[in-house]
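Analysis of the macromolecular model
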Amino acid sequence: MNINKRHLPLLALGFLALASCEPKPAQEEEKAFRLSDTMLSRIKLDSVVAQPVRNEMTLVGKVVADENRVIKVFPLVGGSVEEVKVELGDYVRKGQTLASIRSGEVADLERQSIQANADLLLAEKNLRVAQDLFETKLNSQREVIAAQKEVEQAQAEVNRIKEVSRIYGIGKSSIYTVKAPIDGYVIEKNVNRDMQLRSDNADNLFTIGQISEVWVLANVNESDIGRVKQGMEASIKTLSYPDEEFKGHVDKIYTVLDPNTKAMTVRIRLDNKGMKLKPEMHATVTLRYTAGGQLATVPANSIIFDRSKRFVLVYKGRYDIETREV
């Protein structure tokens, strides 16, 4: 039974008033307590229910972007960074320009393209001459076939350079344009204007991630590994939103322990509505699990705390209310 705590003093005062002001009732009525209609209308009754015993463990974790929705952007050429058009945290569209690089490699590729097209024109001219001479019986068919092969080789070189230019996104200039491969947020930026890039640079310039769904990675102590199961309910709290609780489930359990901490990593997948959860945020993870067995339970707001003890009021009828320690 659930009786609101703020009504207890009123209830007690009512008892005292009845005892002092009203005429003495009959013997059987002296021993009886009666809950008035007014008090009855102001209280809420609830039932004791047997439920499985549940427990919880608290883990420390951090928010990370979904690795399947993250792409690192590398420079395909070296050179000098002319312009950077986005900043960390910006939202970009697929194909949007992120940065421009003036590159000698791009200029050389343009030179190769001009030379390859000139070679193709020359090979085609030689083929026409060879065909004309063959028709007048002034050369052999072998020379025509050789001229035809030169045209094919020149055309293949032109096609190769066009394909390379398409892959690099190169136009008719020495500027190489870095473009966003997907829609998403810039979650890493390692480039600034006037930076010099080597052609063998192994570092990414940007990382683009879609964070409509995020992961929370948390470490589980070796002693608690047996309690963690895939699909467990998880509650996430962050320092940025202390009054808000994010709900998710254990999506993956990594089977390899960290050799230094002896901890196992679990992954919780979360819908990131409102984009509140940002990669690298610290998170407190609470996992709930069934400990086995059942106990009688009452709503938490029905508990009365008094003199370092907890009580509930057991309602059996208007004339029969019992105070019981729990």
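Given the structure is predicted, the values throughout are model-derived calculations rather than measurements.

1. A look at the overall build of the chain
Regarding its fold elements, the chain presents five helices and 17 strands. Across the 326 residues in the chain, those meeting the buried criterion constitute 31%. A fraction of 73% describes how many contacts in the chain between residues 6 or more apart in sequence connect residues 24 or more apart. When the accessible surface of the chain is summed, it comes to about 20,900 Å², and 50% of that surface belongs to carbon and sulfur atoms.

2. Here's the deal with a nonpolar patch on the surface
Among the surface-exposed residues, Val129, Leu133 and Leu138 lie close enough to one another that they form a single nonpolar patch of about 270 Å² accessible area. Within the secondary structure, Val129 is located in helix 4 (residues 104-135).

3. Notes on the nonpolar core
Ranked by internal contacts, the top residues of the largest apolar core, which has 25 residues, are Val266, Ile268, Val285 and Leu287. Elements with a contribution of two residues or more to this core: strand 1 (49-65), strand 10 (213-221), strand 11 (233-238), strand 12 (246-257), strand 13 (263-271) and strand 14 (282-297). When residues no more than four places from it in sequence are discounted, the contact partners of Val285 are Met57, Thr58, Leu59, Val216, Ala218, Ala234, Ser235, Ile236 and Ile268. Of all hydrophobic cores here, the second largest spans 20 residues; its members include Val73, Val81, Leu98 and Ile208.

4. So, the pattern of salt bridges
By the definition in use, this model includes 14 salt bridges. Between Asp66 and Arg269 there is a salt bridge, and its shortest N-O distance comes to 3.2 Å. With Asp66 in the loop between strand 1 and strand 2 (70-73) and Arg269 in strand 13, this residue pair connects regions lying 203 residues apart in the sequence. As a salt-bridge pair, Asp251 and Arg267 come within 2.3 Å of each other at their nearest N and O atoms. Of the two residues, Asp251 is situated in strand 12 and Arg267 in strand 13; the sequence distance between them amounts to 16 residues. Via salt bridges that share partners, Asp66, Arg69, Glu213, Asp251, Arg267 and Arg269 belong to a single interconnected network.

5. Considerations on unusual backbone geometry
A positive phi angle, close to 55 degrees, is found at Met275, a residue other than glycine. Under the relative-accessibility criterion, Met275 is labelled partly exposed at 26%. Not every positive phi belongs to a glycine, and Glu280 is a case in point at roughly 80 degrees. We classify Glu280 as exposed; its relative accessible area is 52%.

6. Quick notes on the packing of aromatic side chains
Per the counting criterion, the structure on display carries two aromatic pairs. Measuring from centroid to centroid gives 5.0 Å for Tyr91 and Tyr185, while their planes differ by 65 degrees, and the two rings are edge-to-face. Taken together, the residues span a long stretch of sequence, with Tyr91 in strand 4 (residues 91-92) and Tyr185 in strand 7 (residues 184-189) at a distance of 94 residues. On the basis of an interplanar angle of 80 degrees and a centroid distance of 6.3 Å, the ring pair of Tyr241 and Phe246 is categorised as edge-to-face. We note Arg267 situated over the ring of Trp215; from NZ or CZ to the ring centre the distance is 4.0 Å.

7. Considerations on the confidence of the model for the chain
Counting all residues, the mean pLDDT for the chain is 80, and 85% of those residues have values of 70 or more. Confidence scores differ between elements of the chain, with helix 1 (residues 8-21) showing the lowest mean pLDDT of 35 and strand 4 the highest of 93. Contacts of residues 1-22 to residues separated by more than four positions or lying in other chains number 28 contacts, the stretch itself having pLDDT below 50.

8. A few points about the pairing of strand 5 (residues 97-102)
As paired elements, strand 3 (residues 79-84) and strand 5 share four bridges and run antiparallel to each other. Its bridge partner lying in strand 5, Ser80 is registered against Arg102. Sheet topology note: the strand 5/strand 6 (residues 175-179) ladder contains five bridges and is antiparallel. From the neighbouring strand, Arg102 faces strand 6, where its bridge partner is Ile175.

9. Section: the sheet that holds strand 7
If you trace the four strands from one edge of the open sheet to the other, you get 2-9-7-4, paired in antiparallel fashion. On the outer flanks of this sheet lie strand 2 and strand 4, each paired with one strand and no other. In terms of strand pairing, strand 4 meets strand 7 through two bridges, oriented antiparallel. By the bridge assignment for strand 7, Val92 is matched with Gly184.

Reading guide: rules and limits
Residues numbered from 1 in each chain as written. Predicted model: local features only at pLDDT ≥ 70, side-chain atom pairs only at ≥ 80, totals over all residues. Heavy atoms only, no water. Helix = DSSP H or I, 4+ residues; strand = E, 2+ residues; numbered from the N terminus. Buried < 20%, exposed > 50% of the residue type's maximum accessible area, 1.4 Å probe, protein only. Contact = heavy atoms within 4.5 Å. Areas by Shrake-Rupley, 256 points an atom, 1.4 Å probe, with all protein chains shown as cover. Patch = residues over 30% accessible without salt bridge, like charges linked within 9 Å, V, L, I, M, F, W, Y side chains within 5 Å. Salt bridge = Lys/Arg side-chain N within 4 Å of Asp/Glu carboxyl O. Core = buried A, V, L, I, M, F, W, Y, C linked by side-chain atoms within 4.5 Å. Phe/Tyr/Trp six-rings, centres within 6.5 Å; stacked < 30°, edge-to-face > 60°. Lys NZ or Arg CZ within 6 Å of the ring centre and 35° of its normal. pLDDT = per-residue confidence, 0-100. Pairing = 2+ DSSP bridges.

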